[in-house]
Amino acid sequence: MIRRATVLFLAALLPLLAGTGQARAAGYRYWSFWERDGSAWTYATVGPSLARPADGDVQGFRFSVSEDSGDAAKPRGAAGFDAVCAKTPPKDGTKRVALVIDFGTPADAPSGEQPPAGRTACAQVAEDATTAEALASVAEPLRYDSDALLCAIAGYPAKGCGEQVATGGEEPSPTGTAEATEAASTQDDGGSGPSVGLIAGAAVVVVLGAAAVWQVRRRA
């Protein structure tokens, strides 16, 4: 009798846990913002509208699908300031910012769109200009949503903004934004706490385990 109850318990548990794993298999399609630190890219801690780069800085943007900043794809291609801004001489009252713009891969592109070739540009802007202003000077048109989230660079993509996308390549869900997932990953616990799916799975284990024990005792 105990063996039969255990089999029933496991049979009910497996599909529920499988569904929990599928629920976590989602990312967000958006433009991530990066800063060059020596020879490596570092995920920016503030948005381009708040960042104020110095003369000689290198900054990058990458369009991709990712779950959070931890697995976000970095900009590809050459990223040296001297190479990008070699043909732009210094000018009083301005600063030069090297920008690397990576439009991503076809796999990350919205349905019906193809990513343009990546590019670099040397933005020569006022000394107090933000990264957003530097980007606007070399890669218009830019598109933002009502929450000031950067949605498109040089018109790409034509639509959409931080939408949720299943990692299996399904069409985006209308719920969820990249800002929401970023906020969740930077809470006080550093994103290391238990996920909702894990908590739900644990609750299922407790409920089904109690049911199995009750069945055994009732039939004994």
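Residues numbered from 1 in each chain as written. Predicted model: local features only at pLDDT ≥ 70, side-chain atom pairs only at ≥ 80, totals over all residues. Heavy atoms only, no water.

Three or more residues of helix α3 (residues 131-138) are buried, namely T131, A132, A134 and L135. One face of α3 carries all of its buried residues, which in axial projection span an arc of 160°. Looking at the buried side of α3, the elements it contacts are β1 (26-37), β3 (58-66), β4 (94-102), β5 (119-126), β6 (143-144) and β7 (150-152). (Buried < 20%, exposed > 50% of the residue type's maximum accessible area, 1.4 Å probe, protein only. Helix = DSSP H or I, 4+ residues; strand = E, 2+ residues; numbered from the N terminus. Arc of directions from axis to C-beta. Contact = heavy atoms within 4.5 Å.)

This next bit is on the environment of A109. Along the chain, A109 falls in the loop between β4 and β5. Distance from A109 to F63, taken between C-alpha atoms, is 8.3 Å for residues 46 residues apart in sequence. When sequence neighbours within four positions are dropped, the list of residues in contact with A109 reads R29, P115 and Y156.

With respect to the secondary-structure elements, E163 resides in strand β8 (residues 163-166). A polar contact of 2.9 Å, which involves the side chain of E163, links it to the backbone nitrogen of C161. (Polar contact = N/O pair within 3.5 Å; in protein donor to acceptor, adjacent residues only side chain to side chain.)

Examined against the element boundaries, P157 turns out to sit in the loop between β7 and β8. Accessibility expressed as a relative area gives 2% for P157, which makes it buried. Along the backbone, P157 and Q114 are 43 residues apart, and their C-alpha atoms lie at a distance of 8.7 Å. Once you skip the residues sitting within four places of it in the chain, P157 turns out to touch W31, F63, P110, E113, R143, C151 and A152.

The next point concerns the confidence of the model for the chain. Any segment with low pLDDT has predicted coordinates that should not be analysed in fine detail. Across the chain, the average pLDDT comes to 77, with 64% of residues at 70 or higher. Note on residues 169-176: pLDDT is under 50 here. Beyond four places in sequence and across chains, it has 13 contacts. (pLDDT = per-residue confidence, 0-100.)

A few words on the state of the cysteines. If you walk through the whole model with that rule in mind, you get two disulfides. A disulfide bridge connects C85 with C122, and the sulfur atoms are separated by 2.1 Å. Since a negative S-S torsion denotes a left-handed disulfide, the C85-C122 link at about 105° is right-handed. Within this pair, whereas C85 is found in the loop between α2 (81-84) and β4, its partner C122 is found in strand β5, the two being separated by 37 residues in sequence. C122 shares its class with C85; the two are buried. Through a disulfide, C151 is tied to C161; the S-S separation comes to 2.0 Å. Because the sign of the S-S torsion sets the handedness, a value of about -75° for the bond joining C151 and C161 places this disulfide among the left-handed ones. Separated by ten residues along the polypeptide, C151 in strand β7 and C161 in the loop between β7 and β8 bring together distant segments of the chain. For C151, a relative accessible area of 3% gives the class buried. Residue class for C161 comes out partly exposed when judged on its relative accessible area of 21%. Among the cysteines of the chain that take part in disulfides, numbered as they appear in the sequence, the pairing is 1-2, 3-4. (Disulfide = S-S within 2.5 Å.)

Opposite charge on two side chains allows them to pair when their charged atoms are near. All told, the structure shown has four salt bridges when counted by the stated rule. The partner of R29 in a salt bridge is E163, with the nearest N and O atoms 3.1 Å apart. Note that R29 is positioned in strand β1 and E163 in strand β8, a separation of 134 residues in sequence. The burial state of R29 is the same as that of E163; both residues are buried. Of the charged contacts, one joins R96 and D55 as a salt bridge, the two residues approaching to 3.9 Å between their closest N and O atoms. Here R96, found in strand β4, pairs with D55, found in the loop between β2 (40-43) and β3; they are 41 residues apart in sequence, far enough to count as distant. Look at D55 and you get partly exposed, because its relative accessible area is 44%. Here the salt bridges do not stand alone but share partners, grouping R62, R76 and D102 into one network. (Salt bridge = Lys/Arg side-chain N within 4 Å of Asp/Glu carboxyl O.)

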